[in-house]
Amino acid sequence: MKQNRKTSIIGAIITAIILIILVIITNLNVKNFSKIENIVNKMVMPIQNSLTYLKNKIAGNNSFFESIDELKKENENLKTKNKELEEQVRELEIIKAENATLREYANMADKYTEYETIPAYIINKDVSNLSSTMIINVGKTDGITVNMPVIASEGLVGYTISVTDTTSKVQPIIDPATSISGTMKISRDGVIVKGILGSNNTLKATYIPTEADLVIGDTIETSGLGGIYPKGILIGTLKEIVQAKNITERYAIIETAVNFSKLETVLVVTNE
């Protein structure tokens, strides 16, 4: 009985609440409802716009990362092509150097047509204050023997002092141990030309005849005496005359015709 009464009271209360809500809704001003809607829109729209922007941004980032991957691939391809081009350039430089060497050999051979020669290039240099030697890439198997003259397109280089099957050691004219019989071109006076200790581009001319008329700029050639060098190969140019109290002790400084610091290719004279 009591339970039924409680249920009736609760039902009445719910019915009253529903009626009140209906009255409120019925009397609600449409304009006020619109205001509430506007307020809600103002609150919701920024959030919606932000979400839309974020979505587009993420989509753009995906495109950006895709572009990065493409750029990486293109970069790798460019690196590969660049490496190939560098190899081709090196090959062309080698061919160019070989052609230059061949042209130099040809020019030297044309210049020294009176000699039988074998072309060679320097593979090692041993230069010190006391001595100077060079190793060339030809030897016994090429027909090289000891005491053969070695020349370059500019002039005299030296002579072979030892030979192996495939290489030869050359003592250049700038070595202090060398001694060459030379002739001054203008006066035709004979001199002895020797290397100077510690110098790689000058020589010393001694035993100058007292009556010799030395001229700066005169050239000195091999005289053909001594049994090693043929006559007429250019040794160098007279650059300085050093006087002494005794005229028999005067000497001259000769600048070598060959630039030994840049010398690479030579000819070995196999006949005289």
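All of the points below concern the structure found in this document. For clarity, every value in this text was computed on a predicted model and none was experimentally measured. (Residues numbered from 1 in each chain as written. Predicted model: local features only at pLDDT ≥ 70, side-chain atom pairs only at ≥ 80, totals over all residues. Heavy atoms only, no water.)

### Things to note about the pattern of salt bridges
Line of reasoning, step 1. Here the structure, examined in full by the defined rule, presents one salt bridge.
Line of reasoning, step 2. Note that E255 is salt-bridged to K239, the shortest N-O span being 3.6 Å. With a gap of 16 residues between them, E255 in strand β11 (residues 251-256) and K239 in strand β10 (residues 234-242) connect regions that are remote in the sequence.
Line of reasoning, step 3. The class for E255 is partly exposed, based on a relative accessible area of 33%.
Line of reasoning, step 4. In this structure K239 comes out as partly exposed when scored by relative accessible area, which is 46%. (Salt bridge = Lys/Arg side-chain N within 4 Å of Asp/Glu carboxyl O. Helix = DSSP H or I, 4+ residues; strand = E, 2+ residues; numbered from the N terminus. Buried < 20%, exposed > 50% of the residue type's maximum accessible area, 1.4 Å probe, protein only.)

### A look at the side chain of S181
Line of reasoning, step 1. Looking at the element boundaries, S181 is found in strand β6 (residues 179-184).
Line of reasoning, step 2. Side chain to side chain, S181 and S223 meet in a polar contact 2.6 Å long.
Line of reasoning, step 3. Once you skip the residues sitting within four places of it in the chain, S181 turns out to touch V191, I192, E221, T222, S223 and L225. (Polar contact = N/O pair within 3.5 Å; in protein donor to acceptor, adjacent residues only side chain to side chain. Contact = heavy atoms within 4.5 Å.)

### Describing the environment of G143
Line of reasoning, step 1. Mapping G143 onto the fold places it in the loop between β2 (132-136) and β3 (149-151).
Line of reasoning, step 2. A sequence separation of 23 residues divides G143 from T166, and the C-alpha atoms of the two residues are 9.9 Å apart.

### Structural notes on the sheet that holds β11
Line of reasoning, step 1. If you trace the six strands once around the closed barrel, you get β6-β7-β8-β11-β10-β9, paired in antiparallel fashion. Strand-to-strand, the axes of this sheet are offset by a mean angle of 40 degrees, without reference to chain direction.
Line of reasoning, step 2. When strand β7 (residues 190-195) meets strand β8 (residues 202-206), the two strands line up antiparallel, connected through four bridges. The residue bridging I192 from the neighbouring strand is T206, located in β8. (Pairing = 2+ DSSP bridges. Axes fitted to C-alpha atoms, helices over the stretch in contact; angles between N-to-C directions.)

### What to know about the nonpolar core
Line of reasoning, step 1. Residues V157 and L263 are the most contacted members of the largest nonpolar core, which totals 44 residues.
Line of reasoning, step 2. L263 has contacts with I122, K125, M134, A152, V157 and V258, leaving out every residue within four places of it along the chain. (Core = buried A, V, L, I, M, F, W, Y, C linked by side-chain atoms within 4.5 Å.)

### Let's talk about the packing of aromatic side chains
Line of reasoning, step 1. Applying the stated criterion across every chain yields a total of one aromatic pair.
Line of reasoning, step 2. With 6.2 Å between their ring centres and 80 degrees between their planes, Y159 and Y229 make a pair best called edge-to-face. Taken as a pair, Y159 in strand β4 (residues 156-163) and Y229 in the loop between β9 (219-222) and β10 lie far apart in primary sequence, 70 residues in all. Comparing Y159 with Y229 shows no difference in burial state: the two are buried.
Line of reasoning, step 3. The ring of Y251 carries K204 above its face, with NZ or CZ at 4.4 Å from the centroid. (Phe/Tyr/Trp six-rings, centres within 6.5 Å; stacked < 30°, edge-to-face > 60°. Lys NZ or Arg CZ within 6 Å of the ring centre and 35° of its normal.)

### Looking at the pairing of β7
Line of reasoning, step 1. The side-chain alternation of β7 yields one buried face, formed by V191, V193 and G195, and one unburied face, formed by G190, I192 and K194.
Line of reasoning, step 2. Bridging between β6 and β7 involves five bridges; their strand directions are antiparallel. Bridge pairing in β7 places S181 opposite I192.
Line of reasoning, step 3. What sits between β6 and β7 in their antiparallel hairpin is a turn of five residues, with R188 showing a positive phi close to 65 degrees.
Line of reasoning, step 4. Between β7 and β8, which pair antiparallel in sequence order, lie six residues; one of them, G198, sits at a positive phi of approximately 80 degrees.

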